[in-house]
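Each chain, letter by letter, is given below.
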Amino acid sequence: MKYPTKTHRAAAKPSAAVKNPEMFVSAFALAVTCGGSQPRDWIARTGRHSLQNTLERMLPEGIFSESGKRCQVMAKTTTALFHKVLESRCGFKTTCSHHQVPESGTDDLVFCNRRYLRPSNSADRELLAINHEALCFAFPCFSRCSLRAFFEVLEDVSMSWECILARVRSRSTTPETARPSPPATAATAAPCSGPVPTSSVHRHKARSSAMDLDRLLNPDDADADAADGMDEDD
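Here is a short report on the structure shown in this document. Computed from a prediction, not measured in an experiment: that's the story for all the values here.

## Considerations on the overall build of the protein chain
- Along the backbone of the protein chain there are eight helices and seven strands.
- Out of the 234 residues in the protein chain, the part that is buried amounts to 41%.
- Across the protein chain, every contact between residues at least 6 apart in sequence was considered, and the portion connecting residues at least 24 apart equals 76%.
- For the protein chain, the accessible area works out to roughly 12,800 Å², and carbon and sulfur atoms hold 55% of it.

As structure tokens, this is what we get:
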């Protein structure tokens, strides 16, 4: 992966304009999420736990196209366009929540097989720091969101959203597959408020998302790697 040097970071100045707003939204989504590894790994499409709202909290003043007009994908009235970008450019899939999630909206849809990266998890936090740096380098406007603010907003969103999903998962457990719950202890009383467990599947999903972000921001490098692979096969 290519990341900015200290010299590059010093030269980069915050700007409200982005050349490709759709790529900016795609890069942000890949920078703060990764593939899910358990049932009901969902992300809200609307409401305070959605990606759009999370981005607007990090950049409340919004972003602008090079013409100076407010970027359409950031406007509250174009949520459908925001979703279209994630589905067409990032491969996000939707599923019906069956009214299990209050924030699924009138269409009762959520993004599925996807979860937020959480700063409270050491592996996620390390990856998020790298992704924040990559976003600031590729899109100088994002440097208006400090790393501290980036972590704080994302932890607030991911933790409260995980608490909602924990309740959904507990309700969806069928009698046939349900297992007796151990007595509640201080360690197990509020699992949604603690760090997410780090497993091999968890780490693999996070690394895959980082690779997707790198390919999006450095398409020429991805093409070169693919060409090298073909040469090796020959």
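## Things to note about the pattern of salt bridges
- Tallied over the full model, the rule gives seven salt bridges.
- When the shortest N-O distance is used, the salt bridge between arginine 89 and glutamate 22 registers 3.8 Å. One end of the pair, arginine 89, is in helix H4 (residues 79-89); the other, glutamate 22, is in helix H2 (residues 21-32), with 67 residues separating them in the sequence.
- Judged by its relative accessible area of 35%, arginine 89 is partly exposed.
- Of the charged contacts in the structure, one is a salt bridge between glutamate 152 and arginine 148, with a shortest N-O distance of 3.1 Å. Here arginine 148 and glutamate 152 lie together in helix H6 (residues 147-172), a separation of four residues that amounts to about one turn.
- The exposure class of glutamate 152 is partly exposed, given its relative accessible area of 47%.
- On the accessibility criterion, arginine 148 (64% relative accessible area) is exposed.
- Via salt bridges that share partners, Arg48, Arg57 and Asp156 belong to a single interconnected network.

## Description of the packing of helix H3 (residues 51-58) against H4
- Where H3 contacts H4, the axes come no closer than 10 Å and their chain directions differ by 105°. Of the possible angle classes, the one that applies to H3 and H4 is roughly perpendicular. Residues Leu51, Gln52 and Leu55 of H3 lie in contact with H4, whose contacting residues are Thr79, Phe82 and Leu86.
- Looking at the contact of H3 with H4 residue by residue, the class counts come to four nonpolar, two polar and no charged.

## Comments concerning the packing of H2 against H4
- At a minimum axis distance of 9 Å, the contact between H2 and H4 shows a crossing angle of 70°. When the interaxial angle is binned, H2 and H4 end up roughly perpendicular. Residues Glu22, Met23, Val25, Ser26 and Ala29 of H2 form the contact with H4, whose participating residues are Phe82, Val85, Leu86 and Arg89.
- A class-by-class count of the residues in the contact of H2 with H4 yields six nonpolar, one polar and two charged.

## Considerations on the side chain of histidine 132
- Looking at where histidine 132 falls in the secondary structure, it is placed in helix H5 (residues 122-138).
- Taking the relative accessible area as the measure of exposure, histidine 132 reaches 8% and is therefore buried.

## What about H4?
- Within the span of H4, buried status applies to Phe82, His83, Val85 and Leu86. Viewed along the axis of H4, the buried residues span an arc of 155°, placing them on a single side of the element. Turned more than 90 degrees from where H4 packs its buried face, Ala80, Lys84 and Ser88 sit exposed.
- Turning to H4, the residues buried within the fold contact H2, H3 and strand E6 (109-112).

Rules of the game
- Residues numbered from 1 in each chain as written.
- Predicted model: local features only at pLDDT ≥ 70, side-chain atom pairs only at ≥ 80, totals over all residues.
- Heavy atoms only, no water.
- Helix = DSSP H or I, 4+ residues; strand = E, 2+ residues; numbered from the N terminus.
- Buried < 20%, exposed > 50% of the residue type's maximum accessible area, 1.4 Å probe, protein only.
- Contact = heavy atoms within 4.5 Å.
- Areas by Shrake-Rupley, 256 points an atom, 1.4 Å probe, with all protein chains shown as cover.
- Salt bridge = Lys/Arg side-chain N within 4 Å of Asp/Glu carboxyl O.
- Axes fitted to C-alpha atoms, helices over the stretch in contact; angles between N-to-C directions.
- Parallel < 35°, antiparallel > 145°, perpendicular 65-115°, else oblique.
- Nonpolar A, V, L, I, M, F, W, Y, C, P; charged D, E, K, R; others polar.
- Arc of directions from axis to C-beta.

These results come straight from atomic positions and should not be treated as a statement about function.
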